[in-house]
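# Structural overview for review
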Amino acid sequence: LDCALDWAMDLLSNKVNLCYKLRSERSLSGDIVALQWSPKMDLLALANSDGSVVLNRLSWQRVWITSPGHSSVTAISWRPDGRVLVVGHKDGLVTLREVEDAKILHKFNIGIEIMQLSWAAYPKFSCSGYQDNSSLFTCLLQPLDENDYETAVDPNQLASCDDGTPSVLMIGDVSGSVYLYVSGLFHVATVRLHSPVEKVVWTMLSRDLKYLLVVSANGEKLMYYSFTIPLLKPRISELNLVALKFAFISCLIKYINVALKGMSEAWEDALLLMDAKMADYAVNLPDGTTLADELLMLLASGKARDELKEFLINELTEKGLQKLGLSIKISYTTIKKIAASRVLKYNGWYKTAVSKLLANLHSAITSLQYHMSELLGMSNWYDKFGVLGLSPNDVKACLTALRCFAVKTHELLLIIENSIKSGGIFFEWLILGA
């Protein structure tokens, strides 16, 4: 940085004229709050004042544009390999977008307005000795929803540059704090300036990872800081591996959440459908009588009350009951499909298997257990990973919870199987009873 500042001062003092040739000129419909060229391709990212982000080629051909968000964009930056664009928002939201189609790969919120983003790679600290073999022992999960980014993200693409080079994302906020994220994912440090009213306008890590350089603004006054970071250089390889595990675990947790949400919605559809069909009849029941009482009376006596019989025959009809039973069966089947279809990968060959015991959800949990087990092994190596704060006891507690969750998933699949059978029998009995 000192050399760069000296060179800039020489240019100013000697009044050296630099000649530039205007290549093109464009008029835009709105104000531009940030823009940055891709470090690898002829791509220009622009952030508009309405919160949208546009990616154009040098020829001004549009690659993609995002819809305006709830919060305005304040800063953008490229991952050093040019494959990911990071976008910072006024509300503290940080999104990592894939350059090809603007798909959100990851997002998090620092809780305060972002002023500045910069992302740098450090090839001299490459983790060449580590090879991820998780694909040999875990299932390749198929996306549950092609429109949902949580189920379609490749953790390897998310966690590192194309060549596996470690990288650090630096985020500066309006209150004089700088946040360091290894691979743009794993938060490793927060550096606070002397005054909370200083806005961070520029950050850089030295090439040897020893110093963090920061320029802040307090009104018209600029301040320059140089911080030493003794832990980052000797532990960058270990931090990069932890960030890779974080990427796998984060993607799997998102996958499980989407699966549970889909199953919950399918179950709610079944309940709402039953409630909607029976609501008119339940309203006219005598005080203190429920629909369950009516059906229990039908089961015990083998004869329905005239009101129930009339409702089933005239309102629902036999065909309507059959449709209702089929709809509820479909809802159960949807839940089972989410939890019973998976894709296995063996040496590049893909094999589809539908199984109650080895379900999609269960496979995601198994994959999560694998990565948590690796994380447990890393945490037990104190000299390398324990000093970073990884706790074996915390990881063991997570593994115990995951095993309990896996057992409950298996129980759920068995309950769904029995419910489908019982539901069919119930509606056949209801039709005959009517």
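Just so it is clear, the model here is predicted, and its values are computed rather than measured.

### Some words on the overall build of the chain
- In terms of regular secondary structure, the chain is built from eight helices and 17 strands.
- Within the chain, buried positions represent 44% of all 434 residues.
- Taking all contacts inside the chain whose residues are at least 6 apart in sequence as the whole, residues at least 24 apart take part in 57%.
- Taken as a whole, the chain presents about 24,100 Å² of accessible surface, with 55% of it coming from carbon and sulfur.

### Let's talk about the environment of Ser175
- Residue position: Ser175 is located in the loop between strand E10 (167-173) and strand E11 (177-182).
- Ser175 sits 20 residues away from Ser195 along the chain, and the two C-alpha atoms are 7.7 Å apart.
- Ser175 has contacts with Ile112, Ser195, Pro196 and Glu198, leaving out every residue within four places of it along the chain.

### What to know about the sheet that holds strand E2 (residues 43-48)
- Taken in spatial order, the four strands of this open sheet run E1-E2-E3-E4, and their pairing is antiparallel. Two strands close off the open sheet at either side, each with one partner strand: strand E1 (32-37) and strand E4 (62-65). The average undirected angle you get between the axes of adjacent strands in this sheet is 15°.
- Direction of pairing for E2 relative to strand E3 (residues 53-57): antiparallel, over a ladder of five bridges. Across the sheet, Ala47 pairs through a bridge with Val53, a residue of E3.

### Things to note about helix H7 (residues 360-380)
- The terminal C-alpha atoms of H7, which comprises 21 residues, lie 30 Å apart, in line with the 30 Å expected from a rise of 1.5 Å per residue.
- A large share of H7 lies buried, amounting to 16 of its 21 residues.

### Here's the deal with the sheet that holds strand E12 (residues 186-192)
- Ordered by their spatial adjacency, four strands build an open sheet running E9-E10-E11-E12, and the pairing between neighbours is antiparallel. Looking at the sheet topology across the chains shown, the edges are occupied by strand E9 (114-121) and E12. For this sheet the average axis-to-axis angle between neighbouring strands, irrespective of direction, equals 20°.
- Relative to E12, E11 is paired through six bridges, and the arrangement is antiparallel. Paired with Val178 across the two strands is Val191, which belongs to E12.

### A word on the packing of aromatic side chains
- Overall, the coordinates contain four aromatic pairs when judged by the stated rule.
- When the ring of Phe108 is compared with that of Tyr181, the centres are 4.5 Å apart and the planes differ by 25°; the resulting orientation is stacked. Residue Phe108 is located in strand E8 (residues 104-109), and its partner Tyr181 is located in strand E11; the two are separated by 73 residues in the primary sequence. Summarising the burial analysis for this pair, Phe108 and Tyr181 share the class buried.
- Above the ring of Phe248, the side-chain terminus of Lys245 is found at 5.5 Å from the ring centroid.
- Over the face of the ring belonging to Trp381 we find Lys384, whose NZ or CZ atom lies 5.5 Å from the ring centre.

Parameters at a glance
Residues numbered from 1 in each chain as written. Predicted model: local features only at pLDDT ≥ 70, side-chain atom pairs only at ≥ 80, totals over all residues. Heavy atoms only, no water. Helix = DSSP H or I, 4+ residues; strand = E, 2+ residues; numbered from the N terminus. Buried < 20%, exposed > 50% of the residue type's maximum accessible area, 1.4 Å probe, protein only. Contact = heavy atoms within 4.5 Å. Areas by Shrake-Rupley, 256 points an atom, 1.4 Å probe, with all protein chains shown as cover. Pairing = 2+ DSSP bridges. Axes fitted to C-alpha atoms, helices over the stretch in contact; angles between N-to-C directions. Expected span 1.5 Å × (residues − 1). Phe/Tyr/Trp six-rings, centres within 6.5 Å; stacked < 30°, edge-to-face > 60°. Lys NZ or Arg CZ within 6 Å of the ring centre and 35° of its normal.

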